[in-house]
Amino acid sequence: MAGHEIPEPADRKQVADPGSEPHTVGESRPSCDPAFRHGVVVGFDGSMSSERALAYAIGMAHRHGSGLIIVHVANRLPTTVWAGCEPPVFVDVPDHRTEVLGLELACADYLTEVPWVLVERGGDICHELEEVGREYSADAIVVGSTHGIVGRIFGSVAGRLARRAQRPVIVIP
C-alpha cells in the first residue's frame, strides 16, 4: 500500500535517547589499549588466505598510522549432539595454535612497522571479529576469502561477515 502511513500513538513517550547505545544492567565494556582504537582488525589463522589478509591489513594500518588488531578465533566443539529440544553445549577446547601463531608473529620482520596486538577469542568467527571490531572501534575488518567446498556448502566467513557487520569489511582473495 503505497503512501499509507500508520499514525504514531498520541501518548507515546520516549524512554531512551535514540542515539545512545543500549546497555544491559551490570554490563562492563571490556577495556582495550587506547593505542589500538580505530585500528584495523584482521582475522588470522595461519592459512594462506589469512596471510594475504594480514599483509593487506599491515599496509592499511601503516598508511593510516593506526594499530593492527590480529584476531585468532579458537576452535569450539560441541560436547553433545543436538537431541530434540536441547541445544548443543559448547566448550572451549585448549587451542595451542594461538600460542604458536603469536610466536610466529613476534618473530616476523614484516610487523615491525606497525603496532600490533594478538587477541584470542572462542566462538563463532563472524561474531567474534565483529565484537572485537566494536570493542576497538575499528575502522575496518580484513579477512581472507574462503576457497573450496566447505565455504560453498556452509557459506564463507567473509560473506557472512559482510552481511552482518556494522563496519567496513574488506575481503582479500
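Structure's up top.
Residues numbered from 1 in each chain as written. Predicted model: local features only at pLDDT ≥ 70, side-chain atom pairs only at ≥ 80, totals over all residues. Heavy atoms only, no water.

Some remarks on the overall build of the chain
Reasoning step 1: Along the chain, the regular secondary structure elements total 5 helices and 7 strands.
Reasoning step 2: What you see in the chain, going N to C, is helices and strands ordered as β-α-β-β-β-α-β-α-β-α-α-β.
Reasoning step 3: Across the 173 residues that make up the chain, the buried fraction comes to 33%.
Reasoning step 4: A fraction of 71% describes how many contacts in the chain between residues 6 or more apart in sequence connect residues 24 or more apart. (Helix = DSSP H or I, 4+ residues; strand = E, 2+ residues; numbered from the N terminus. Buried < 20%, exposed > 50% of the residue type's maximum accessible area, 1.4 Å probe, protein only. Contact = heavy atoms within 4.5 Å.)

Observations regarding the pattern of salt bridges
Reasoning step 1: All chains considered together, the criterion is met by 6 salt bridges.
Reasoning step 2: Salt-bridge contacts for glutamate 135 lead to arginine 121; the nearest nitrogen and oxygen are separated by 2.6 Å. With glutamate 135 in helix α3 (residues 125–135) and arginine 121 in strand β5 (residues 116–122), this pair connects stretches of sequence that are 14 residues apart.
Reasoning step 3: A salt bridge links arginine 134 to glutamate 131; the nearest nitrogen and oxygen atoms lie 2.4 Å apart. Here arginine 134 pairs with glutamate 131, and both are found in helix α3, just 3 residues apart, close to one helical turn.
Reasoning step 4: Salt bridges sharing partners connect three or more residues here, namely Arg121, Glu128 and Glu135. (Salt bridge = Lys/Arg side-chain N within 4 Å of Asp/Glu carboxyl O.)

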